[in-house]
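In case you want the letters, here they are:
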Amino acid sequence: MHRATTTGERLYFRVAKNVGCMLLSFRTTMRLLTHNMLTSHVKGVTNGYPLKLQAENIKVMSVDFNPEFVARMIPKLEWQALVQAAESIGHLGDLPRELMPEYESNEEFLKMAHHVLMEVEVIEGNLECPETGRKFPIKNGIPNMLLNEDEV
Amino acid sequence: MRLKELESYLQDVETFEEPKVLLEQYPTSPHIAAHMLYTMQTQYSAVEGKLVADLGCGCGVLCAGAAMLGAGACVGFDIDEDALSMCQSNCTDLELDNIHLVQADVTHLHTCPGRWHKAFDTVIMNPPFGTKKNWGIDMIFLRTALDMATESVYSLHKTSTRQHIKKKAKEWNVSMEVIAELRFDLPAMYKFHKHKSVDIEVDFIRFSFPSK
């Protein structure tokens, strides 16, 4: 496409506005990386995590693989929540349910984790609070976590 | 990527058609955004390969710039649906694929950060300055950013508030460094602006945590 990669540097080329419609695969959509960090903060909720993921429209995109970045993200994640979410939308693939020792240097594992975290986009759906059942809608790939006045 | 290139790509980021007064939606100019991000990367290695958050991302000029400089991923938060859809279309036009958007009220994240607590390496923001009805919101954004970041926070604040911020930084046990003094040439975007444009003095500040 309109992109070239040189040694570690990405060059961006301007894209004429009239071809913008052809580039729908590049989106700022919700991936499971974000899901892993979202919590329901409805008033009174003590355990608003993890949110149940209900996806109505899922796409898979291709994102540049950065093994160091993925390896650094993994300790920050709730692994079980990631596995559950990926499984609930049918995109667990071969991702192991338990973290293996020395995963940082296992490129094959990091690639799978990268795919599940960064490449599976949820375009339409809901995130359901595990305690209250309150649904936070995902529209056009953006989860809406805003609370109503009586929920704050 | 060179600074000039970055600035030139950021020129393509479209900004608010009808900025909302209550949300203090004034865009960060491509010139300022490019300089901020370039400095963050070249002086402090705070962008490439990092997980970056942008609080009050608006049309996404800072998100876009962070992604261009090789951020591992950038999560943009904004309360306003219109700003987020503008941000989405900008990132699509620029072919950026590692930006994730969340519609949320940043001032609520403060009281219950949940899993966002210390989730990010770097937080960058151009917060509302806290004028008119929003008095104090700039400090709520800053407090929230400091809760979410493990390494550093980069933010813009009115120079007139510098002493107050210094006091707060000391209270919160964070180091602050004014990296640059800027002049914001705010075009008369809002009806209550009497003059064609208003020049305000703004500090570009880096906050970091003392090493343990």
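Residues numbered from 1 in each chain as written. Chains lettered and ligands numbered in written order. Predicted model: local features only at pLDDT ≥ 70, side-chain atom pairs only at ≥ 80, totals over all residues. Heavy atoms only, no water.

With that settled, consider the overall build of chain B. Counting secondary structure elements, chain B contains 7 helices and 7 strands. The C-alpha radius of gyration computed for chain B amounts to 16 Å, which stays within 12% of the reference 17 Å derived for 212 residues, consistent with globular compactness. C-alpha extents for chain B along the principal axes are approximately 45 × 35 × 30 Å. Look at the contacts in chain B between residues 6 or more apart in sequence, and 73% of them connect residues 24 or more apart. Chain B carries 21 positive and 28 negative side-chain charges, and their two centres are separated by 10 Å. (Helix = DSSP H or I, 4+ residues; strand = E, 2+ residues; numbered from the N terminus. Rg over C-alpha atoms; globule rule 2.2 N^0.38 Å. Contact = heavy atoms within 4.5 Å. Lys, Arg positive; Asp, Glu negative; His and termini not counted. Charge placed at Lys NZ, Arg CZ, Asp CG, Glu CD.)

Moving on, we come to the environment of Val70(A). Residue and element names in this part refer to chain A. By secondary structure assignment, the location of Val-70 is in helix H2 (residues 67-73). Residue classification places Val-70 among the buried residues on the basis of a relative accessible area of 3%. With 44 residues separating them in the primary sequence, Val-70 and His-114 have C-alpha atoms 6.2 Å apart. (Buried < 20%, exposed > 50% of the residue type's maximum accessible area, 1.4 Å probe, protein only.)

A word on the pattern of salt bridges. Residue and element names in this part refer to chain B. Following the criterion strictly, the structure yields 13 salt bridges over all chains and no others. Between Lys-50 and Glu-151 there is a salt bridge, and its shortest N-O distance comes to 3.2 Å. With Lys-50 in the loop between helix H2 (30-44) and strand E1 (51-55) and Glu-151 in strand E5 (residues 149-158), this pair connects stretches of sequence that are 101 residues apart. Since its relative accessible area comes to 15%, Lys-50 is described here as buried. The shortest N-O distance in the salt bridge between Glu-201 and Arg-183 comes to 3.3 Å. Linking Glu-201 in strand E7 (residues 197-208) with Arg-183 in strand E6 (residues 175-187), this pair joins segments that are 18 residues apart in sequence. (Salt bridge = Lys/Arg side-chain N within 4 Å of Asp/Glu carboxyl O.)

In this section: the side chain of Asp78(B). All names here are of chain B. Mapped onto the secondary structure, Asp-78 falls in strand E2 (residues 73-78). A polar contact is formed between the side chain of Asp-78 and the backbone nitrogen of Gly-58, at a distance of 2.7 Å. Within the structure, Asp-78 has its side chain in polar contact with the backbone nitrogen of Asp-80 (distance 3.0 Å). (Polar contact = N/O pair within 3.5 Å; in protein donor to acceptor, adjacent residues only side chain to side chain.)

Residues and elements named next belong to chain B. Where H2 meets helix H3 (residues 61-68), the axes come as close as 10 Å, and the angle between the chain directions of the two elements is 40°. The angle between the axes of H2 and H3 places the two elements in the oblique class. Seen along the crossing, H2 lies across H3 with a hand that is right-handed. Along its contact with H2, which presents Ala-33, Met-36 and Leu-37, the element H3 presents Val-61, Leu-62, Gly-65 and Ala-66. Residue classes in the contact of H2 with H3 are distributed as 6 nonpolar, 1 polar and no charged. (Axes fitted to C-alpha atoms, helices over the stretch in contact; angles between N-to-C directions. Parallel < 35°, antiparallel > 145°, perpendicular 65-115°, else oblique. Left-handed = near helix turned anticlockwise from the far one by under 90°. Nonpolar A, V, L, I, M, F, W, Y, C, P; charged D, E, K, R; others polar.)

What follows deals with the packing of aromatic side chains. Residues and elements named next belong to chain B. Following the criterion strictly, the structure yields 8 aromatic pairs over all chains and no others. Plain terms: the ring middles of Phe-129 and Phe-184 are 6.1 Å apart, the flat faces sit at 65° to each other, and that makes the pair edge-to-face. With Phe-129 in the loop between strand E4 (120-125) and helix H6 (137-148) and Phe-184 in strand E6, this pair connects stretches of sequence that are 55 residues apart. Comparing Phe-129 with Phe-184 shows no difference in burial state: the two are buried. (Phe/Tyr/Trp six-rings, centres within 6.5 Å; stacked < 30°, edge-to-face > 60°.)

Our focus in this paragraph is the nonpolar core. By size, the foremost hydrophobic cluster in this structure holds 67 residues, and its most contacted members are Phe77(B) and Phe120(B). Ranked by residue count, the leading element in this core is H6(B), at 7 residues. (Core = buried A, V, L, I, M, F, W, Y, C linked by side-chain atoms within 4.5 Å.)

Take the confidence of the model for chain A next. Per-residue confidence for chain A averages 85 on the pLDDT scale, and 83% of its residues sit at or above 70. Scored below 50 in pLDDT, residues 1-26 of chain A makes 51 contacts in the model with residues more than four places away or belonging to other chains. (pLDDT = per-residue confidence, 0-100.)

Quick look at the interface of chain B and chain A now. If you look at the interface, chain B gives 40 residues, while chain A gives 43 residues. Interface area lost by chain B to chain A is led by Glu95(B), Asp97(B) and Arg115(B), which between them contribute 23%. On the surface where chain B and chain A come into contact, there are 2 salt bridges. Arg72(A) is the salt-bridge partner of Asp121(B), the closest N and O atoms lying 2.9 Å from each other. Summed over the shared surface of chain B and chain A, the number is 15 residue pairs in polar contact (both at pLDDT 80 or more). Looking at the side of chain B that touches chain A, the elements that each hand over two or more residues are helix H1 (3-10), H3, helix H4 (81-93), strand E3 (99-103) and E4 of chain B. (Buried area = accessible area lost by both parts, 1.4 Å probe.)

On to the sheet that holds strand E5 (residues 135-139) of chain A. Residues and elements named next belong to chain A. The 4 strands are arranged E3-E4-E5-E6 in an open sheet whose pairing can be described as antiparallel. Of all strands in the sheet, those bounded by a partner on one side alone are strand E3 (52-60) and strand E6 (142-143). Two strands pair when backbone bridges link them, and strand E4 (residues 120-128) and E5 are joined in this way by 4 bridges, in the antiparallel orientation. Its bridge partner lying in E5, Gly-125 is registered against Ile-138. Helix-sheet contacts for helix H4 (residues 107-119) involve E3 and E4, and the interaxial angle to E4 is about 60°. (Pairing = 2+ DSSP bridges.)

Glancing now at empty space enclosed by the protein. Evaluation of the coordinates by the stated rule reveals 1 cavity of 30 Å³ or more. Approximately 150 Å³ is the volume attributed to the largest cavity. For the lining of the largest cavity, a count of residues per class yields 8 nonpolar, 3 polar and 1 charged. (1 Å grid on protein atoms, 1.4 Å probe; cavity = no way out; pocket = protein on both sides within 12 Å on 5 of 7 lines; lining within 4 Å. Points joined across faces, edges and corners; volume = space filled by probe spheres on them.)

Right, let's get into the pairing of E5(B). All names here are of chain B. With respect to burial, E5 is a largely interior element, 7 of its 10 residues being buried. Across 5 bridges, the pairing between E4 and E5 is parallel. Within the sheet, the bridge partner assigned to Thr-122 lies in E5 and is Ser-152.

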